[in-house]
Amino acid sequence: MKYIKLFLSTALLFLASQNLALASEKIGWKDLVPEGFTPPPVKPQSYYDQNPEEAEQKFLDAPVVEALDGKKVMIPGYVVQLEGNADAVTEFLLVPYFGACIHVPPPPPNQIIHVKFAEGVPYENTYDAVWVEGTISTQRTDSDLAVTGYSMKAESVTVYQ
């Protein structure tokens, strides 16, 4: 009986540790920025209307946090559509604020995540903030809209609440 209890206790501890290892770490946008780098402030659209030369992405060599590579994370943000069909978006840029890449210049690459989500995000969910959960990598990508410092294969995308 003593050995059965010991076995069951050990098995429960093992299962609990495995469950913790599978859990995503909630992170914020500041967690994507290495110490010593300060993203530029976002200016109003009127500024970019009057200064169109300022509407390009800056700091293309912005550093990333290498320690995040391969981690399972959950981060909130806004969807900038890249690919999809009539029902859903399957590839997008996740950005920290509404209008980035569309209405104002893209933030630095370390503030943009290129996301692929085979299941697709329903279009009605792309107009509000979302939570994206998946494994992040420090893989740089280029699209017509922006250079990104991070990539992610999403496991889930849900409306931010």
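Residues numbered from 1 in each chain as written. Predicted model: local features only at pLDDT ≥ 70, side-chain atom pairs only at ≥ 80, totals over all residues. Heavy atoms only, no water.

Draft legend 1. Just the overall build of the protein, in detail. Across its full length, the protein holds two helices and eight strands. Start at the N end of the protein and walk to the C end: the helices and strands fall as α-β-α-β-β-β-β-β-β-β. Residues classed as buried in the protein amount to 40% of the 161 residues present. Across the protein, the fraction of contacts at a sequence separation of at least 24, relative to all contacts at a separation of at least 6, is 69%. When the accessible surface of the protein is summed, it comes to about 9,800 Å², and 56% of that surface belongs to carbon and sulfur atoms. (Helix = DSSP H or I, 4+ residues; strand = E, 2+ residues; numbered from the N terminus. Buried < 20%, exposed > 50% of the residue type's maximum accessible area, 1.4 Å probe, protein only. Contact = heavy atoms within 4.5 Å. Areas by Shrake-Rupley, 256 points an atom, 1.4 Å probe, with all protein chains shown as cover.)

Draft legend 2. How the structure looks around unusual backbone geometry. Residue Phe59 is not a glycine yet carries a positive backbone phi of 55 degrees. Residue placement: Phe59 occurs in the loop between helix H2 (45-50) and strand E2 (72-84).

Draft legend 3. View of the layout of surface pockets. Within this model, the largest pocket holds a volume of roughly 290 Å³. Together, 19 residues line the largest pocket, and Pro40, Pro41, Tyr48, Lys58 and Pro105 are the ones closest to its centre. Of the residues assigned to the lining of the largest pocket, the class counts are 13 nonpolar, two polar and four charged. Surrounding the second largest pocket, 13 residues form its lining, Val79, Val80, Phe98, Ile102 and Thr126 being those nearest its centre. Tallied by class, the residues present in the lining of the second largest pocket amount to eight nonpolar, four polar and one charged. (1 Å grid on protein atoms, 1.4 Å probe; cavity = no way out; pocket = protein on both sides within 12 Å on 5 of 7 lines; lining within 4 Å. Points joined across faces, edges and corners; volume = space filled by probe spheres on them. Nonpolar A, V, L, I, M, F, W, Y, C, P; charged D, E, K, R; others polar.)

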